[in-house]
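Spelled out from the first residue to the last, the chains are:
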Amino acid sequence: MYQRKFWPALAIALALGACSDNNDNNGGGSTGEPEPPVEPTAKYSAELRRTEYGIPHIKAENWGSLGYGFGYAYSQDNFCVTMREIAQASGRWAELTGSNVDRDHLWRYLNGSKEEFKVNFFDSLPQRDRDLVTGFADGMNRYLDETGIDRLPEGENGCRGEPWVYSFDQLDLMMYLRKIALQASTDQGIVRDAILSVQGPPSMQVAAATLREVSPSLYQSLKTLGENIRPSEVGSNAIVAGGDATQSGAGLLLGNPHQPWNGSGRWYEAHLTIPGEYDVAGASLQGLPWIGIGFTKDLAWTHTVDYATRFTLYEVTLNPDNPMQYDYDGQWRDIESTNVSAQELQEDGSLVTVERTFYSTHYGLVLDLGGVDPAIGGWPTFAGTLITMRDANLDTGLRSLTQFVEKAQASDMEGYRHALRHIGNPVFHEFAADRHGGMYYGQISAVPHVTQAKLDACQTGIMGIVATVSTNAFTGLDGSRSECEWGEDADAPPGTNVYGLAAHPQILGRGVVGNSNNSYWLSDPKMPLEGFPVVFGWMGHEGNQQFMRTRITHKMIAERMAGTDGISATPLFDLETVKTMMYLNRVHAAEIVLDDVLEICDDFLDNPMAEFDAATGEALTETCAVLENWDRHADVESRGTQVFIEFWGGIRNTLGSQFQNVVVGDEFWAVDFDPTDPINTPRGIDTGIKANHDLVIEKLLRAHQRLTDAGVALDAPWGEVQFLERNDERVPIHGGMGQAGIFGAISSGLGEGGYRNPGSGNSYIQAVTWDGSECPIADTMLVHSQSVQPTSEHYADQSRLYARKEWVRFPFCEEEIQAAQIGETVILEEQ
């Protein structure tokens, strides 16, 4: 039975003030009045308050009630987002909608039956974690029961009347939490498709084969295979300053993840409290019952997406006489087959059972890479082999909740680092700062224990080719030799064969670090982390060219430390300077090439080519004039940002590295990349080479044409060109293309009328530090706002603040919450 009690904010304040030792009862004796009957103890009891911009503050006395209040509050804003994910993760999507039965099969294979999942996964969680997940699920279900399916939100992110809405339990929710942990491995698109492409063994014998010479077309297919794992615009920035790098001597943290603005990757702000045990604020991903990036009274943390290895492919040699066997140390091992069934809804409303067989070796599932190109082959490959995989994140989801709770319970950097021993982080670099002036960086995510020596010795056959052409985006090993199995660290979670905490690259100190999604190498350029195997970070590995965004991050850090950035003449960091840095919107690619581009423009216009007509000359003249007058920023008032974005996109299309997300070229750069000066190189365009002139003119004209075709004026203010549509309003969005070196990355493509409705980028931003008080000082911004519901007042309120480069002071201590509270205090109970 549900109960709800309302307390006006003033009544709560008066009640708190009345909690003292003073009373008129002379010891509290009986008044002679009959005592009211004692109400039965509630299964759940949680206090829910909201402050400005719809931020919920949930307080409870136990973990189940905390999850209950959080699940209910979250559902009021975004229930349908997570409901969709739960229906998919539980393997019921085809049963309810008639589509994607193959994915249902995969999740049913990975999770087993519900009872198997309970025994193998859910019951292995600590009781605290089980209570939190169960409470969150029950809180979401209470919202559904009270609202009703036919009164749920409508629209693109709604689910009113949808067949995939149903009451679910904690196991369904836990299946979704596990799915989140597998997004960079088994549930990554190319891997998932390769698993689902497996049709089983051939009916005939497998002809013995050896690795033949790879034709140019097959080589290109293998390159395409690697390209499919390269990064998108989803990423992050982090800057963490310890006491030696701040003006106050306290720690300071800037967290700037670039997450999707829709779907399960979107952020949701909250403050969760169990008095005396757990008190943390910040943001969680949709439907996760813990704070993912946040802060407490004593510390703050954030993450950046980490391109380390999450899984390895193993190439095994098939038995020529039996395609269901593979060689392992000279012995034939059997390939196992597992049949899985799922229900599929038919057009007439009936259900049919659909069967699928999955195949696995002792490493894991069998893959078919023939979908990339039939010439690669599947079972067998063109080399008479089979590809299988082992995923380091299969069980990470079981450790994530424990790790995130313990991080929030730490009071300093040593305590924070101790929480990381669980290796419960599937895909992120870790950053933290504390009030005592400590700071921490660590590449502490689930990484297969593959040493560089093992990698060098075991990357053979097809896997060696794929690793080479993809710069180790895919890591593959010889599966026929036991010496190519993953190793083991004594401090790693038992049975995982991932690297333990001590083996990872990390920095603990009082200086300053930063990262923008390249590897660990230059988190502190003054103290590079070196000597680690490539599995710890193939994207921008040691000695390799770095992202434009990485370079502008470290340039801004160096300038702030010296007080030469124009923000303040006082060196070192404080809260206001780091907030200003966040919104600077410098375009670093323009800082290092635009002068040369304009020189090439002037040279061409002074000496036009005969084959260019008058219209072409006019287009180039206009384009170059706009760029010359542009302020080289991506602010809402900047005029010409769109021209440079389109120009640089053209340069990247021609010279961009297929895997490392950087511009390369033997003759393009005036100063080539120098691993001893990686932040300042490469730079400038070699204007002495005619091909560079031709390329620049071609891409400038391409930019003009693309913008003209889209109906976008070349000199329109950026805020009129890039915007978020909320109901009938266009909210200007500053920031832009991360590959152009814009720190505040926004991912948006050019369409009719501009760059409308970015898909990802600056999302939840937090700048946190401390003074002498008990309360942390946290200025935050949720760029896409709190609710996905168009009817909510919190659908675009923070987006408008972001457009004006403003921040929200996050209320943490009790008096701050009371001052910022909106609406009534709600006591949620369930008997």
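A. Spatial organisation of the overall build of the chain. A tally of regular secondary structure across the chain gives 22 helices and 32 strands. A compact globule built from 831 residues should have a C-alpha radius of gyration of about 28 Å, and the chain, at 28 Å, falls within 12% of that. Dimensions of the chain, computed from C-alpha atoms along their principal axes, come out at roughly 105 × 75 × 55 Å. Within the span of the chain, comprising 831 residues, buried residues form 60% of the whole. Partitioning the intrachain contacts of the chain with sequence separation of at least 6 by distance along the chain shows that 70% fall at a separation of at least 24. Approximately 31,000 Å² of the chain is accessible, and the part contributed by carbon and sulfur atoms is 48%.

B. Summary view of the nonpolar core. Of all hydrophobic cores here, the largest spans 141 residues; its most connected members are Leu66, Phe79, Leu272, Tyr278, Phe295, Trp301 and Tyr416. Of the residues forming this core, the biggest block, 14 residues, is contributed by helix H2 (residues 63-89). The residues contacting leucine 66, other than those within four sequence positions of it, are Ile58, Ala60, Leu132, Leu272, Thr273, Ile274 and Tyr278. One finds Val626, Val663, Ala740 and Ile742 within the second-largest nonpolar core, a separate group that totals 47 residues.

C. Region of the structure containing the packing of aromatic side chains. For the structure shown, the criterion picks out 34 aromatic pairs. Look at tryptophan 301 and tyrosine 416: their rings are 6.4 Å apart centre to centre, the planes differ by 40 degrees, and that puts the pair in the tilted class. Residue tryptophan 301 is found in strand E9 (residues 299-305), and its partner tyrosine 416 is found in helix H11 (residues 413-419); the two are separated by 115 residues along the sequence. Relative accessible area serves as the criterion here: at 0%, tryptophan 301 is assigned to the buried category. Classification of tyrosine 416 by relative accessible area gives buried; the value is 0%. Ring centres of phenylalanine 431 and tyrosine 441 lie 5.0 Å apart, and the angle between their planes is 45 degrees; on these two criteria the pair is classed as tilted. One end of the pair, phenylalanine 431, is in strand E17 (residues 428-434); the other, tyrosine 441, is in strand E18 (residues 439-442), and 10 residues separate them in sequence. Through pairs of rings, three or more aromatic residues link up here, namely Trp630, Phe644, Phe647, Trp648, Phe668 and Trp669. For the cation-ring pair, arginine 142 lies above tyrosine 72, with the distance from its terminal atom to the ring centre recorded as 5.6 Å.

D. Representation of a negative patch on the surface. Side chains of Glu599, Asp602, Asp603, Asp606 and Glu628 sit close together on the surface and give a patch of like negative charge. At 4 residues, the largest contribution of residues to the negative patch is made by helix H16 (residues 588-606). In this fold, glutamate 628 is placed in helix H17 (residues 614-629). For glutamate 628, a relative accessible area of 53% puts it in the exposed group.

E. Spatial organisation of the state of the cysteines. In this structure the tally under the stated criterion is 4 disulfides. Across the disulfide, cysteine 775 is cross-linked to cysteine 813 (sulfur-sulfur distance 2.0 Å). With the S-S dihedral at roughly -125 degrees, the linkage between cysteine 775 and cysteine 813 falls on the left-handed side. On the criterion of sequence distance, the pair formed by cysteine 775 in the loop between strand E29 (764-770) and strand E30 (776-782) and cysteine 813 in the loop between strand E31 (808-809) and helix H22 (814-820) is long-range, its members being 38 residues apart. With a relative accessible area of 14%, cysteine 813 lands in the buried category. The connectivity of the disulfide-linked cysteines in the chain, indexed sequentially, is 1-2, 3-4, 5-6, 7-8.

F. Highlighting the side chain of lysine 454. For lysine 454, the location among the structural elements is in helix H12 (residues 452-458). Contact partners of lysine 454, with chain neighbours within four places excluded, come to His449, Glu483, Cys484, Glu485, Trp486 and Gly487.

G. Highlighting the confidence of the model for the chain. This prediction gives the chain a mean pLDDT of 92; 91% of its residues lie at or above 70. Note that residues 10-32 has pLDDT below 50 and, in this model, 6 contacts with residues that lie over four places away or in other chains. Within the model, the stretch residues 207-212 combines pLDDT values under 50 with 13 contacts to residues more than four positions away or in other chains.

H. Structural detail: the sheet that holds strand E27 (residues 755-756). Across the sheet, 3 strands lie side by side as E25-E24-E27; this open sheet has mixed pairing. Of all the strands in the sheet, the pair left with one neighbour each is strand E25 (729-732) and E27.

I. Up close: the pattern of salt bridges. Scanning the entire structure with this criterion turns up 39 salt bridges. In this structure, arginine 49 engages glutamate 814 in a salt bridge whose closest nitrogen and oxygen atoms are separated by 2.7 Å. Taken together, the positions of arginine 49 in strand E2 (residues 44-51) and glutamate 814 in helix H22 put the pair 765 residues apart, joining distant regions of the chain. We note a salt bridge from glutamate 698 to lysine 699, for which the minimum N-O separation is 3.3 Å. A residue is classified by how much of its surface remains accessible, and glutamate 698, at 45% relative accessible area, is partly exposed.

J. Representation of the pairing of strand E24 (residues 722-726). Of all 5 residues making up E24, 4 are buried, and the element is well covered by its neighbours. Linking E24 to E25, which pair antiparallel, is a turn of 2 residues; within it asparagine 727 sits at a positive phi near 55 degrees.

K. Geometry of the pairing of strand E4 (residues 235-241). Here E4 lies mainly inside the structure; 7 of its 7 residues are buried. Neither face of E4 is open: one carries Gly235, Asn237, Ile239 and Ala241, the other Ser236, Ala238 and Val240, and all of them are buried. Note: E4 against strand E5 (residues 252-260), 7 bridges, orientation antiparallel. Note that in E5 the partner of serine 236 across the bridge is proline 257.

L. Representation of helix H15 (residues 575-582) in the model. Counting buried positions over the 8 residues of H15 gives 6, a clear majority of the element. Residues of H15 that are buried: Leu575, Thr577, Val578, Lys579, Met581 and Met582.

M. Here's a closer look at unusual backbone geometry. Cis rather than trans, the peptide bond between tryptophan 379 and proline 380 has omega equal to 5 degrees. Position of proline 380 relative to the elements: it lies in the loop between strand E15 (366-367) and strand E16 (385-391). Of note in this structure, aspartate 329 is not a glycine but carries a positive phi near 55 degrees. For aspartate 329, the position within the fold is in the loop between strand E11 (322-328) and strand E12 (331-334). A positive phi is found at asparagine 661, a non-glycine position, where the angle reads about 60 degrees. Mapped onto the fold, asparagine 661 is located in the loop between helix H18 (641-655) and strand E22 (669-671).

N. Seen up close, the packing of helix H14 (residues 548-562) against H16. The N-to-C vectors of H14 and H16 enclose an angle of 100 degrees; their axes lie 8 Å apart at closest approach. Considering the angle they form, H14 stands roughly perpendicular to H16. Contacts from Met548, Arg551, Ile552 and Lys555 of H14 reach H16 at His588, Ala589, Glu591 and Ile592. Here the residues of the contact of H14 with H16 sort into 4 nonpolar, 1 polar and 3 charged.

So, how was this worked out
- Residues numbered from 1 in each chain as written.
- Predicted model: local features only at pLDDT ≥ 70, side-chain atom pairs only at ≥ 80, totals over all residues.
- Heavy atoms only, no water.
- Helix = DSSP H or I, 4+ residues; strand = E, 2+ residues; numbered from the N terminus.
- Rg over C-alpha atoms; globule rule 2.2 N^0.38 Å.
- Buried < 20%, exposed > 50% of the residue type's maximum accessible area, 1.4 Å probe, protein only.
- Contact = heavy atoms within 4.5 Å.
- Areas by Shrake-Rupley, 256 points an atom, 1.4 Å probe, with all protein chains shown as cover.
- Core = buried A, V, L, I, M, F, W, Y, C linked by side-chain atoms within 4.5 Å.
- Phe/Tyr/Trp six-rings, centres within 6.5 Å; stacked < 30°, edge-to-face > 60°.
- Lys NZ or Arg CZ within 6 Å of the ring centre and 35° of its normal.
- Patch = residues over 30% accessible without salt bridge, like charges linked within 9 Å, V, L, I, M, F, W, Y side chains within 5 Å.
- Salt bridge = Lys/Arg side-chain N within 4 Å of Asp/Glu carboxyl O.
- Lys, Arg positive; Asp, Glu negative; His and termini not counted.
- Charge placed at Lys NZ, Arg CZ, Asp CG, Glu CD.
- Disulfide = S-S within 2.5 Å.
- pLDDT = per-residue confidence, 0-100.
- Pairing = 2+ DSSP bridges.
- Axes fitted to C-alpha atoms, helices over the stretch in contact; angles between N-to-C directions.
- Parallel < 35°, antiparallel > 145°, perpendicular 65-115°, else oblique.
- Nonpolar A, V, L, I, M, F, W, Y, C, P; charged D, E, K, R; others polar.

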